[in-house]
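As a plain string of letters, each chain reads:
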Amino acid sequence: MRKLILSFYVSLDGKSADADNGIRDVMVSVDDPEQEEYFVSRLWEAGAFLMGRNSYEIMAGYWPTSDHPSAKAMNEIPKVVFSRTLKSADDWPETRIASGDTTEEIAKLKAEPGKDLVAHGGTEFMHSLIKLGVVDEYRLWVLPAATGKGAPLFPELDRPVNLRLVKSTAFQSGILELVYAPADK
């Protein structure tokens, strides 16, 4: 069975990389070829990228014409957009729409053969996956900056999510990759 990995860039104070809090500017300004190469290699480990409609619309307008080092992986690896309103995903090759119950759609995707599923971007979508309890691994890319504002990675929860550290990787730029799994899995 495939795992669902939540991959997310966050500030040191745990805020998401929202457009209005400056963290995306930090992401763009970091010059770390080793981290970039490592990040791209991690992208190629995915069997499919999962995202919500908002992230799809932003990414579909960027990746197909991008020359960024991540573009080849982002364009060639299959993508699944979770949306009940999106009618077509023709703007970005290798994309399909999942419009049913999110928990059921995730269960079907996990049961398919292939590499692990990686959820990218979209704080609202990430919050829904966390609340549903379908995340098998958290891959957090911690940026060396604090913002003091923005959406937190974790939404308000009914109970704590206990995690165990699986792996940590530090890069010269100060970016950390922290990989956690739910303590009960």
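Before going into details, it helps to say that this report is about the structure given with it. Just so we're clear, the structure is a prediction, and the values are computed from it rather than from any experiment.

With that out of the way, let us pick up the layout of surface pockets. The space that makes up the largest pocket amounts to roughly 1,400 Å³. For the largest pocket, the lining is made up of 43 residues, of which Arg24, Ser55, Met59, Gly121 and Gly122 are closest to its centre. Sorting the residues of the lining of the largest pocket by element identifies β1 (4–10), α1 (23–29), α2 (33–43), α3 (53–60) and α6 (123–132) as the ones contributing at least two each. Considered class by class, the residues forming the lining of the largest pocket number 19 nonpolar, 17 polar and 7 charged. Roughly 370 Å³ of volume is contained in the second largest pocket.

Turning next to empty space enclosed by the protein. Per the counting criterion, the structure on display carries 1 cavity of 30 Å³ or more. In this structure, the largest cavity occupies an estimated 50 Å³ of space. Lining the largest cavity are Ser7, Phe39, Arg42, Leu43, Phe49, Val118, His120, Arg139 and Trp141. Of all the secondary structure elements, the ones that give two or more residues to the lining of the largest cavity are α2, β5 (117–120) and β6 (137–142). Here the element with the most residues in the lining of the largest cavity is α2; it accounts for 3 residues. Considering only residue class, the lining of the largest cavity consists of 5 nonpolar, 2 polar and 2 charged.

What follows concerns the packing of aromatic side chains. Using the criterion set out here, one finds 9 aromatic pairs in the structure. Geometrically, the ring pair formed by tyrosine 38 and tryptophan 141 is edge-to-face, given 6.0 Å between the ring centres and 70° between the ring planes. Note that tyrosine 38 is positioned in helix α2 and tryptophan 141 in strand β6, a separation of 103 residues in sequence. In this pair, the class of tyrosine 38 matches that of tryptophan 141, namely buried. Seen in terms of ring centroids, phenylalanine 39 and tryptophan 141 are 5.1 Å apart; in terms of plane orientation they differ by 75°. Their pairing is edge-to-face. Of the two residues, phenylalanine 39 is situated in helix α2 and tryptophan 141 in strand β6; the sequence distance between them amounts to 102 residues.

In this structure, Phe49, Met51, Tyr56, Met74, Trp92 and Trp141 are the most contacted members of the largest nonpolar core, which totals 28 residues. Taken together, the elements giving at least two residues each to this core come down to β1, α2, β2 (48–52), α3 and α4 (71–76). Aside from chain neighbours lying at most four places away, what touches tryptophan 92 is Met51, Tyr56, Met59, Ala60, Trp63, Pro64, Met74, Asn75 and Lys79. By size, the runner-up hydrophobic cluster in this structure holds 24 residues, among which are Phe8, Phe82, Leu117 and Val134.

With that out of the way, let us pick up the environment of glycine 61. Mapped onto the elements of the fold, glycine 61 is located in the loop between α3 and α4. By relative accessible area, which is 63% here, glycine 61 ends up exposed. Residues glycine 61 and aspartate 91, 30 residues apart in the sequence, show an inter-C-alpha distance of 7.7 Å.

The rules behind these values
- Residues numbered from 1 in each chain as written.
- Predicted model: local features only at pLDDT ≥ 70, side-chain atom pairs only at ≥ 80, totals over all residues.
- Heavy atoms only, no water.
- 1 Å grid on protein atoms, 1.4 Å probe; cavity = no way out; pocket = protein on both sides within 12 Å on 5 of 7 lines; lining within 4 Å.
- Points joined across faces, edges and corners; volume = space filled by probe spheres on them.
- Helix = DSSP H or I, 4+ residues; strand = E, 2+ residues; numbered from the N terminus.
- Nonpolar A, V, L, I, M, F, W, Y, C, P; charged D, E, K, R; others polar.
- Phe/Tyr/Trp six-rings, centres within 6.5 Å; stacked < 30°, edge-to-face > 60°.
- Buried < 20%, exposed > 50% of the residue type's maximum accessible area, 1.4 Å probe, protein only.
- Core = buried A, V, L, I, M, F, W, Y, C linked by side-chain atoms within 4.5 Å.
- Contact = heavy atoms within 4.5 Å.

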